[in-house]
Structures are given as structure tokens and as C-alpha cells.
Amino acid sequence: MVWWNPQQWAEVVERTLLFSIDLVVTNARSEVLLGWRNNKPAQHCWFVPGGVVRKGETLQQACARVAEQPAGA
């Protein structure tokens, strides 16, 4: 896994029109959290939580917001 330093992250978010992240959330038994899509474009498919990164948002802020929001929000 490659992690960008905060300056690199800020530059990518600033220069990219639309940037998103996906989270792979596991529990103590290494089970992965998945959601079921009811709407298009990935209707009737399993997915991991994810969302758009907001301008000026740090990686930690984006991950925390995506993890806290309801599936499909």
C-alpha cells in the first residue's frame, strides 16, 4: 500500500476535478463490510463503502466522513 504525505494528498485533491476513496473495513475475524446496491450504476451488486473527497479535506477527514455516513448516502 502506498501512502501520500499530507502535502502530496492536498495537491492531488486540489488539482483533481473529482477524487474518491473506497474503504475496506474488516472486523476481528477478517470479515469485510459490504453493502448491497439498489440503484444504478452498480445495481444488484455488492460494494465497499466509498465516496467523493471534498476540496481541502485531509485523507483522515475523508475516511472518517465516509465511514460515518449511511450506505448509499
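Whatever comes next refers back to the structure up there.
Nothing here was measured: the structure is a model prediction, and the numbers come from that model.

(A) Layout of a nonpolar patch on the surface. On the surface, V24, V32, L34, W36 and W46 cluster together into a nonpolar patch covering about 550 Å² of accessible area. Locating W36 in the fold gives a position in strand β2 (residues 35-36).

(B) Representation of the pattern of salt bridges. All told, the structure shown has 3 salt bridges when counted by the stated rule. A salt bridge links R29 to E31, with the nearest nitrogen and oxygen atoms 2.9 Å apart. A salt bridge links E57 to R65; the shortest N-O distance between them is 2.9 Å. On the accessibility criterion, E57 (10% relative accessible area) is buried. Classification of R65 by relative accessible area gives buried; the value is 15%.

(C) A look at the side chain of E57. By the element assignment, E57 lies in the loop between β4 (50-52) and α2 (59-68). Excluding its chain neighbours within four sequence positions, the residues that come into contact with E57 are W9, V13, V52, A62 and R65.

(D) Region of the structure containing the packing of aromatic side chains. Counting across every chain of the model gives 4 aromatic pairs. An angle of 65 degrees between the planes, with centres 4.9 Å apart, marks the rings of W36 and W46 as edge-to-face. Residue W36 is found in strand β2, and its partner W46 is found in strand β3 (residues 46-47); the two are separated by 10 residues along the sequence. Three or more aromatic residues joined by ring pairs make a cluster, and in this case those are W4, W9 and F19. When the ring centre of F47 is taken as reference, the NZ or CZ atom of R37 above it lies at 5.7 Å.

So, how was this worked out
- Residues numbered from 1 in each chain as written.
- Predicted model: local features only at pLDDT ≥ 70, side-chain atom pairs only at ≥ 80, totals over all residues.
- Heavy atoms only, no water.
- Patch = residues over 30% accessible without salt bridge, like charges linked within 9 Å, V, L, I, M, F, W, Y side chains within 5 Å.
- Areas by Shrake-Rupley, 256 points an atom, 1.4 Å probe, with all protein chains shown as cover.
- Salt bridge = Lys/Arg side-chain N within 4 Å of Asp/Glu carboxyl O.
- Helix = DSSP H or I, 4+ residues; strand = E, 2+ residues; numbered from the N terminus.
- Buried < 20%, exposed > 50% of the residue type's maximum accessible area, 1.4 Å probe, protein only.
- Contact = heavy atoms within 4.5 Å.
- Phe/Tyr/Trp six-rings, centres within 6.5 Å; stacked < 30°, edge-to-face > 60°.
- Lys NZ or Arg CZ within 6 Å of the ring centre and 35° of its normal.

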